[in-house]
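In case you want the letters, here they are:
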Amino acid sequence: MAVEQGTNQSVERAAAVLATFLDGQPQRVSDVANSVGLGQSTTSRLLATLESIEYVERDPVSNLYRLGPALITLAGVAINQHPVHRAARQVAQNLAASLELGVNVAVRRDDALFYLCNFEGAKAPKSYVLMGRRNPLHATGLGKCLLTALDGETRRALLPELKQFTAHTFCRHDELDEIVAEVRRRGYATEVEELALGRACVAAPIFDQTGAVVAALSVSGPLSALDLPNRETELGRRAIEAADEVSIALGFDVSLAHQASGAPIT
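Residues numbered from 1 in each chain as written. Predicted model: local features only at pLDDT ≥ 70, side-chain atom pairs only at ≥ 80, totals over all residues. Heavy atoms only, no water.

Asker: How would you explain the overall build of the protein if you had to name every residue and give the values?
Answerer: Check the secondary structure of the protein and you find 11 helices and 8 strands. Based on the C-alpha atoms only, the size of the protein along its principal axes is roughly 65 × 45 × 40 Å. Out of the 266 residues in the protein, the part that is buried amounts to 42%. In the protein, 53% of the contacts between residues at least 6 apart in sequence involve partners at least 24 apart. (Helix = DSSP H or I, 4+ residues; strand = E, 2+ residues; numbered from the N terminus. Buried < 20%, exposed > 50% of the residue type's maximum accessible area, 1.4 Å probe, protein only. Contact = heavy atoms within 4.5 Å.)

And the structure:
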């Protein structure tokens, strides 16, 4: 039992060390030690072990640590096993190339959305990859689509407080109730500067073979590139069409769903 507890503690400590790199910044041993609350000697041994199996790597000049190549292999295997990623990847890539905008696909993980893939168009470049990152549900188009799977009581239990990110963030549950109802009615969600200034998106839900909302797809980019005052209808239609294509690949009967909801078949 003592050996098992010691092994569990070592695994937990190693996981905590790896988690300190999630902000994407290289770190010194002392930085990691302070973050996880361990001594520098213990942290140094953990980092050395993780380096030996390529979970982290150390710059020989600066001595700063960063995540290692073995995690890329593991992440690649994990993402390729996900059915939504397999169904959505080519669809999202094609849409990003066609619109020259960003296209993202995400699922819900507890109280946040989790990006499965993202592609940038010429008009919406990024210097980083969103895949694997998390964002709030209430302040994103993707999140609003994912919240359509939940009733109001469940949403309130999941998100007791709606954090404000900009002056445009909706922070009251009665507002969120109306937004979710509108997403269900028209088949897509919008978000304009609710999470970050100068950014906007249009998103649509993805369904599995049972008709449950399991993911969402968004078209995103700078306000000027999306031009929602003139293009919302067009981009909403394109997002719905792409999301429907992914839903069909997951076994969903889109035509029956649209007939039941009264929404137009795209």
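That shown, we press on.
Asker: Which residues make up the domain arrangement of the protein, and what are the values?
Answerer: Here the protein is partitioned into domain 1 (9-72) and domain 2 (82-261). Using only C-alpha atoms to locate each centre, domain 1 and domain 2 end up separated by 34 Å. (Domains from an automatic or database assignment.)

Asker: Which residues make up the packing of aromatic side chains, and what are the values?
Answerer: Per the counting criterion, the structure on display carries 1 aromatic pair. A ring pair is formed by Phe 207 and Phe 252, whose centres lie 4.8 Å apart and whose planes are at 25°; its orientation type is stacked. One end of the pair, Phe 207, is in strand E7 (residues 199-207); the other, Phe 252, is in the loop between helix H10 (228-249) and helix H11 (254-261), and 45 residues separate them in sequence. The two residues Phe 207 and Phe 252 agree in class, both being buried. The ring of Phe 114 carries the charged tip of Arg 109 above its face, separated from the ring centre by 5.7 Å. Arg 186 extends its terminal NZ or CZ atom over the ring of Tyr 188, reaching a point 4.4 Å from the ring centre. (Phe/Tyr/Trp six-rings, centres within 6.5 Å; stacked < 30°, edge-to-face > 60°. Lys NZ or Arg CZ within 6 Å of the ring centre and 35° of its normal.)

Asker: Explain the pairing of strand E4 (residues 112-119) to me, using residue names and the numbers behind them.
Answerer: Burial runs high along E4: 8 of the 8 residues are buried. Summarising the sheet, strand E3 (residues 102-109) and E4 pair through 7 bridges and their orientation is antiparallel. Residue pairing across strands places Ala 106 opposite Tyr 115, the latter belonging to E4. The hairpin formed by E3 and E4 contains 2 residues between the paired strands, and Asp 110 there has a positive phi angle of roughly 55°. By the bridge criterion, 3 bridges tie E4 to strand E5 (residues 134-136) in an arrangement that is antiparallel. Across the sheet, Leu 113 pairs through a bridge with Asn 135, a residue of E5. (Pairing = 2+ DSSP bridges.)

Asker: Before we move on, can you summarise helix H2 (residues 29-36) with the specific residues and values?
Answerer: Here H2 has its buried residues at Val 29, Val 32 and Ala 33. Summarising the axial view, the buried residues of H2 lie within an arc of 100°, below the 170-degree limit, and thus occupy one face. In this structure, H2 carries Asn 34 and Ser 35 as exposed residues pointing more than 90 degrees from its buried face. Taken from the residues just after H2, Gly 37 is the one with a positive phi, measuring 75°. (Arc of directions from axis to C-beta.)

Asker: Run through the pattern of salt bridges, naming residues and quoting values.
Answerer: One pass over the full model with this rule turns up 14 salt bridges. For Asp 174, the salt bridge is made with Arg 172, and the minimal N-O distance between the two is 3.0 Å. The partner of Glu 182 in a salt bridge is Arg 185, and the shortest N-O contact between them spans 2.6 Å. A residue pair is termed a helical-turn pair when its members lie 3 or 4 positions apart in one helix, as Glu 182 and Arg 185 do in helix H8 (residues 173-186) at 3 residues. Members of the salt-bridge network, linked through shared partners, are Glu 182, Arg 185, Arg 186 and Glu 232. (Salt bridge = Lys/Arg side-chain N within 4 Å of Asp/Glu carboxyl O.)

Asker: Please give an account of the state of the cysteines that cites residues and values.
Answerer: A disulfide bridge is the covalent bond that connects two cysteines by way of their sulfur atoms. Following the criterion strictly, the structure yields 0 disulfides and no others. Between Cys 117, a cysteine without a disulfide, and Cys 201, which holds the nearest cysteine sulfur, the sulfur-to-sulfur distance is 15 Å. Distance from the sulfur of Cys 171, which forms no disulfide, to the nearest cysteine sulfur (Cys 201) is 17 Å. With a relative accessible area of 28%, Cys 171 lands in the partly exposed category. (Disulfide = S-S within 2.5 Å.)

Asker: Break down the packing of H2 against helix H3 (residues 40-52) for me, with residues and values.
Answerer: Following both chains from N to C, one finds H2 and H3 inclined at 110°, their axes separated by 9 Å at the closest point. One way to sum up the angle between H2 and H3 is to call them roughly perpendicular. Contacts between H2 and H3 involve Val 29, Ser 30, Val 32, Ala 33 and Val 36 on the former and, on the latter, Gln 40, Thr 43, Ser 44 and Leu 47. Looking at the contact of H2 with H3 residue by residue, the classes come out as 5 nonpolar, 4 polar and no charged. (Axes fitted to C-alpha atoms, helices over the stretch in contact; angles between N-to-C directions. Parallel < 35°, antiparallel > 145°, perpendicular 65-115°, else oblique. Nonpolar A, V, L, I, M, F, W, Y, C, P; charged D, E, K, R; others polar.)

Asker: Give me the lowdown on the side chain of Thr 169, citing residues and values where you can.
Answerer: Counting through the fold element by element, Thr 169 comes out in the loop between helix H7 (152-158) and H8. On the basis of relative accessibility, which here comes to 8%, the residue Thr 169 falls in the buried class. Setting aside its immediate chain neighbours within four residues, Thr 169 contacts His 138, Ala 139, Lys 163, Gln 164 and Glu 194.

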